[in-house]
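Structural features, examined
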Amino acid sequence: MQVHHLKELKDFPHLALVLDNTETLCIWCHNDEHDRLGDCQGGERFTNEERW
């Protein structure tokens, strides 16, 4: 499970610790929410923020 911020921290850093701005998502759903999954037809697949 991962914490997802409903209003992104890069735009609303003051809401980082506000619980009403958070929800828990599984890793797959969190990556899908941020369009990190890539194309199912051979596109880049998300591995982590550091792109290892």
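In this report, the structure presented in the accompanying data block is examined. (Residues numbered from 1 in each chain as written. Predicted model: local features only at pLDDT ≥ 70, side-chain atom pairs only at ≥ 80, totals over all residues. Heavy atoms only, no water.)

**Focus on the packing of aromatic side chains**
Applying the stated criterion across every chain yields a total of zero aromatic pairs. Taking NZ or CZ as reference, Lys7 lies 5.5 Å from the ring centre of Phe12, over its face. (Phe/Tyr/Trp six-rings, centres within 6.5 Å; stacked < 30°, edge-to-face > 60°. Lys NZ or Arg CZ within 6 Å of the ring centre and 35° of its normal.)

**Some details on the environment of Leu19**
Relative to the helices and strands, Leu19 is located in the loop between strand S1 (2-5) and strand S2 (22-25). Distance in space between the C-alpha atoms of Leu19 and His5 is 8.9 Å, their sequence separation being 14 residues. (Helix = DSSP H or I, 4+ residues; strand = E, 2+ residues; numbered from the N terminus.)

**Structural notes on the side chain of Asn21**
Looking at the secondary structure, you find Asn21 in the loop between S1 and S2. A distance of 2.7 Å separates a polar side-chain atom of Asn21 from the backbone nitrogen of Lys7. Sequence-distant contacts of Asn21, that is, excluding residues within four places in its chain, are made with His4, His5, Leu6, Lys7 and Leu15. (Polar contact = N/O pair within 3.5 Å; in protein donor to acceptor, adjacent residues only side chain to side chain. Contact = heavy atoms within 4.5 Å.)

**Points about the side chain of His4**
With respect to the helices and strands, His4 occurs in strand S1. Looking at His4, its side chain comes within polar contact range of the side chain of His30, at 3.5 Å.

**Remarks on a negative patch on the surface**
Together, Glu23, Asp32, Glu33 and Asp35 make up a negatively charged patch on the protein surface. In this structure, Glu33 sits in helix H1 (residues 27-33). (Patch = residues over 30% accessible without salt bridge, like charges linked within 9 Å, V, L, I, M, F, W, Y side chains within 5 Å. Areas by Shrake-Rupley, 256 points an atom, 1.4 Å probe, with all protein chains shown as cover. Salt bridge = Lys/Arg side-chain N within 4 Å of Asp/Glu carboxyl O. Lys, Arg positive; Asp, Glu negative; His and termini not counted. Charge placed at Lys NZ, Arg CZ, Asp CG, Glu CD.)

**Examining the pattern of salt bridges**
In total, this model carries one salt bridge according to the counting rule given. Of the charged contacts in the structure, one is a salt bridge between Glu8 and Lys10, with a shortest N-O distance of 4.0 Å. By relative accessible area, Lys10 is classed as exposed at 68%. (Buried < 20%, exposed > 50% of the residue type's maximum accessible area, 1.4 Å probe, protein only.)

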